[in-house]
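Letter by letter, the chains look like this.
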Amino acid sequence: MAEQSMRSVSSLLSGIPPLFTKLASSLQGELDCSKQCLESHSTDGSPLYVRPQAVTYPKNATDIKQILSFAKEYSMPITVRGYGTSRTGGALGEGIIIDMTRYFTHIRQVNMLEHTITVDAGVSVKTLREKLHSWHMDVPVLTGADATSTIGALVATKSATPSTFHHGTIREWIEALTVVVDSGEEHRIADGITPSGRLLGIYQNIFPILSEEAPILRAAKPEAADDATGYCLWNTSIGPRQLLDELTGSEGTLGILTSITLRLAPHKPLSHSIAIFINDVSKLRTLIDIAKHHNAEHIFLYDKTFSDLTEKYHPGKLPQRGAQYALLVTHYGTDPDQLHNTSRTFVRALALPETEISTLEDQNLLEHITDHTYIQTLLQGYTGGAQIPITFGDGIIVPQQKYVETLEKLDTYLGSTGRLYTLSGNAGSGHISAITLFDPKSPSYEKDLTLYTETISKLVAQSKGGLSAVGGDGLLRSAYLPYIFNEATLAVFRKIKHAWDPHGILNPPKKISTSSDYVHKHIARL
């Protein structure tokens, strides 16, 4: 029996390069260097191709510790990956991929008295929502639009949703995180837990930096509350909350999340959506303010191209009147009569003619159209796959007072390029998703793409906004952080990164050192 077991292990390791043999044999999970596996982990939802050297499927924190030890010994980068849906190259890396979707998929604890739930980082949003809804509970910032993402990925990118303006980002729903730090130690971070071991050392290194650099950070603090560009260092208070803030949105560059404890709220299973058609964009800010005043929980903006493509491929599903924009405002509840009265009161407050208002009949469509891949799929289908949607601008976020102005500037610029594009977004938070089609076979593709990304970055910077409200900085946007933050702020980011990850192995070069040349080199391999 022992001989058979040895043969089985030998067979599993036979396709693994000698460099990784010892690591593979030390893991309770698996390590895969097969061509098929490496290829499947060389792409994500972005137009990038980055081939790793190995893919690991750790079973527990001990396995992650082994991988970290190996990575430090050989100066090999580590990238944590969920389902590979990142549109910014966040799931790509040249060294070892840690895939959390095979074993870190358990719901660990449910505390109905304290209204919290603890889940592994690899649990999908779809799985968690279905389980919570069966218990009549919810985490309102988790929407069907993120169904194929993992909870760990949403925490790592701090992505905004159409409900963020009302419920806050996922950060506001985090009660605790469990993280494996660079030493391989696993620590739980929560109020009331005093840091120890390596985490205490990180803690003691960070706060002198934050104290010394406080004037720089105050000056650099984003005006858009839900901005996840760079590191979240704006809360300079001393305590575990600071560590939670830094890890949320850090994209695995500071530590490896293994579990998350989230606060729960009662589930509101009923919804009612009103579409408001807008030809005079100057009215948009007022309409958003009215929606917020009447306790709307979900506000989504889409333009005529978005509407036309939906009508082409899903006729009759989305209300449209040929308007330049439409604002989809949704209220939620548990009582149908009360929900109806809320919606009716909201419509009266709008004081608009019936021709400028409609009801979304198919409420299931709401989560479908706000899925980040929805419009990308329609755009790509429209060209028969000959062109690709560039998602660099799908995470733009600006202060509410700059929203209409930025929207108009984007529309003017994108219209001048002659390319097909759409503008949509989570309008309640000041988020804009600008997605444009490019021909990767065009001789001027790289030149045109460089001009596009630089122009978008400058425009957003002028509006005092950020690039990464959705999907994180990843590889695509990290190279453009100097447009958003000055060198003094970027230097603070580097200090914080070094405090957590002095060996520089955790998901480089994201957040602090990606170059546009690196990005374009890997886009060119399409």
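Keep in mind that what you see is a predicted model, and the values were worked out from it rather than measured.

Engineer: It is not clear to me how the packing of aromatic side chains should be interpreted in this structure. Could you clarify?
Structural biologist: Within a pair of aromatic rings, the relevant descriptors are the distance that separates the centres and the angle that separates the planes. In this structure the tally under the stated criterion is 16 aromatic pairs. Seen in terms of ring centroids, Phe300 and Phe306 are 5.9 Å apart; in terms of plane orientation they differ by 65°. Their pairing is edge-to-face. Summarising the burial analysis for this pair, Phe300 and Phe306 share the class buried. An angle of 40° between the planes, with centres 5.7 Å apart, marks the rings of Phe306 and Tyr374 as tilted. Remark: Tyr374 occurs in helix H15 (residues 374-382) and Phe306 occurs in helix H12 (residues 304-313); sequence separation between them is 68 residues.

Engineer: Honestly, the nonpolar core in this entry has me stumped. Any pointers?
Structural biologist: Soluble globular proteins tend to pack their nonpolar side chains together in the buried interior. Phe20, Ile151, Leu284, Leu327 and Trp500 are the most contacted members of the largest nonpolar core, which totals 128 residues. Among the elements that make up this core, the one with the highest residue count is helix H8 (residues 197-212) (7 residues). Ignoring anything within four residues of it in the chain, the contact list for Ile151 reads Val119, Ala121, Val123, Val125, Leu128, Leu142, Ile260 and Leu262. Counting 20 residues, the second-largest nonpolar core is a separate cluster that includes Phe277, Ala323, Ile375 and Leu378.

Engineer: Can you walk me through the pattern of salt bridges in this structure?
Structural biologist: Side-chain pairs of opposite charge can arise whenever the charged atoms involved come near each other. Overall, the coordinates contain 22 salt bridges when judged by the stated rule. Here Asp394 ties to Arg477 by a salt bridge, and the two come within 2.2 Å at their closest N and O atoms. Within this pair, whereas Asp394 is found in strand S16 (residues 388-397), its partner Arg477 is found in helix H18 (residues 474-478), the two being separated by 83 residues in sequence. Asp394 gets classed as buried once you look at its relative accessible area, which sits at 3%. On the accessibility criterion, Arg477 (0% relative accessible area) is buried. Taking the shortest distance from any N to any O, the salt bridge between Lys409 and Glu405 comes out at 3.1 Å. Of the two residues, Lys409 and Glu405 both sit in helix H16 (residues 403-417), 4 residues apart, roughly one turn of that helix. A single salt-bridge network, built from bridges that share partners, covers Arg87, Asp394 and Arg477.

Definitions and limits used
- Residue indices follow the written sequence of each chain, beginning from 1 at its first position.
- Residues qualify for local features only when their pLDDT is at least 70, as the model is predicted, and side-chain atom pairs are given and counted only at 80 or more; totals for whole chains, interfaces and linings, by contrast, use all residues.
- Hydrogens are left out, water is left out, and the side-chain values use all remaining heavy atoms of the structure.
- When the centres of two rings from Phe, Tyr and Trp lie within 6.5 Å, Trp using its six-membered ring, the rings pair. Their planes under 30 degrees apart give stacked, over 60 give edge-to-face, and anything left gives tilted.
- Each residue is assigned to one of three classes by its accessible area relative to the maximum for its type, calculated with a 1.4 Å probe on protein chains only: buried under 20%, partly exposed between the two thresholds, exposed over 50%.
- Secondary structure elements follow DSSP: runs of H or I of four or more residues count as helices, runs of E of two or more count as strands, with numbering from the N terminus.
- Among buried residues, the Ala, Val, Leu, Ile, Met, Phe, Trp, Tyr and Cys ones that are joined through side-chain atoms within 4.5 Å form a nonpolar core.
- It only takes one pair of heavy atoms within 4.5 Å for two residues to be counted as in contact.
- Just to be clear on terms, a salt bridge is a Lys or Arg side-chain nitrogen sitting within 4 Å of an Asp or Glu carboxyl oxygen.

Function cannot be inferred from these measures alone, as they are strictly geometric.
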